[in-house]
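# Observations on the three-dimensional arrangement
Each chain, letter by letter, is given below.
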Amino acid sequence: MAVMTLRIPDDLDPAIRAGATAAGLSLNAYIVRAARRQAVLDAAQRLAALGLGEDLCGEGDTL
């Protein structure tokens with residue numbers, strides 16, 4: 001596991017904290033989930049750009 005320091009702009013802090021509270025997550029867990037989700041979306045866009053987004057391995061998974 002890596003340790004990171006994240007600086008959140010003051011104007012975004014309330015919205016991020018409210019999102020974490022609404023999701024029933026700690027601030028750390030909420031930010032990790034958001035980063036993971038974005039990484040998956042970025043990877044999916046790269047696959048789609050390669051023409052692989054319609055059907056992944058024939059397993060019925062689509063982007």
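Our structure's up above, just so we're on the same page.
None of these values were measured; they are calculated from a predicted model.

### Examining the overall build of the protein
Assigned secondary structure in the protein consists of two helices and zero strands. Burial analysis of the protein (63 residues in total) assigns 6% to the buried set.

### Section: the packing of helix H1 (residues 13–23) against helix H2 (residues 27–49)
For the pair H1 and H2, interaxial distance at closest approach is 9 Å and the crossing angle is 95°. The angle between H1 and H2 falls in the class roughly perpendicular. On H2, the residues that touch Ile16, Arg17, Gly19, Ala20 and Ala23 of H1 are Leu27, Tyr30 and Ile31. Among the residues making up the contact of H1 with H2, the classes are represented as six nonpolar, one polar and one charged.

### Let's talk about the pattern of salt bridges
Scanning all chains against the criterion turns up one salt bridge. For Arg17, the salt bridge identified is with Asp13, shortest N-O distance 2.9 Å. Of this pair, Arg17 and Asp13 are both found in helix H1, four residues apart, which corresponds to roughly one turn of the helix. Arg17 sits in the partly exposed class, given a relative accessible area of 43%. Its relative accessible area of 23% is what places Asp13 among the partly exposed residues.

### Thoughts on H2
End to end, H2 covers 33 Å across 23 residues, agreeing with the expected 33 Å (1.5 Å per residue, within 8%). Following H2 by one or two positions, Gly51 has its phi on the positive side, about 85°.

The rules behind these values
- Every chain begins its residue count from 1, and numbering advances along the sequence as written.
- Given that the model is predicted, a residue must reach a pLDDT of at least 70 before its local features are reported, and side-chain atom pairs must reach 80 or more before they are shown or counted; all residues, however, enter totals for whole chains, interfaces and linings.
- The basis for every side-chain value is the complete set of heavy atoms in the structure, and neither hydrogens nor water enter the calculation.
- Only DSSP runs of H or I covering at least 4 residues are called helices, and only runs of E covering at least 2 are called strands; the numbering of each starts at the N terminus.
- Each residue gets one of three labels from its accessible area relative to the maximum for its type: buried under 20%, exposed over 50%, partly exposed in between, using a 1.4 Å probe on protein chains only.
- Here an angle of 0 to 180 degrees is reported between the N-to-C directions of two axes, which are lines fitted to C-alpha atoms, with helices fitted over the stretch in contact.
- Relative orientations are named as follows: roughly parallel for angles under 35 degrees, roughly antiparallel for angles over 145 degrees, roughly perpendicular for angles from 65 to 115 degrees, and oblique for any other angle.
- Contact criterion: two residues are considered in contact whenever any of their non-hydrogen atoms come within 4.5 Å of each other.
- Classification convention: Asp, Glu, Lys, Arg as charged; Ala, Val, Leu, Ile, Met, Phe, Trp, Tyr, Cys, Pro as nonpolar; all other residues, Gly among them, as polar.
- Whenever Lys or Arg places a side-chain nitrogen within 4 Å of a carboxyl oxygen from Asp or Glu, that contact is recorded as a salt bridge.
- In a helix, the anticipated span is given by 1.5 Å times the number of residues less one.

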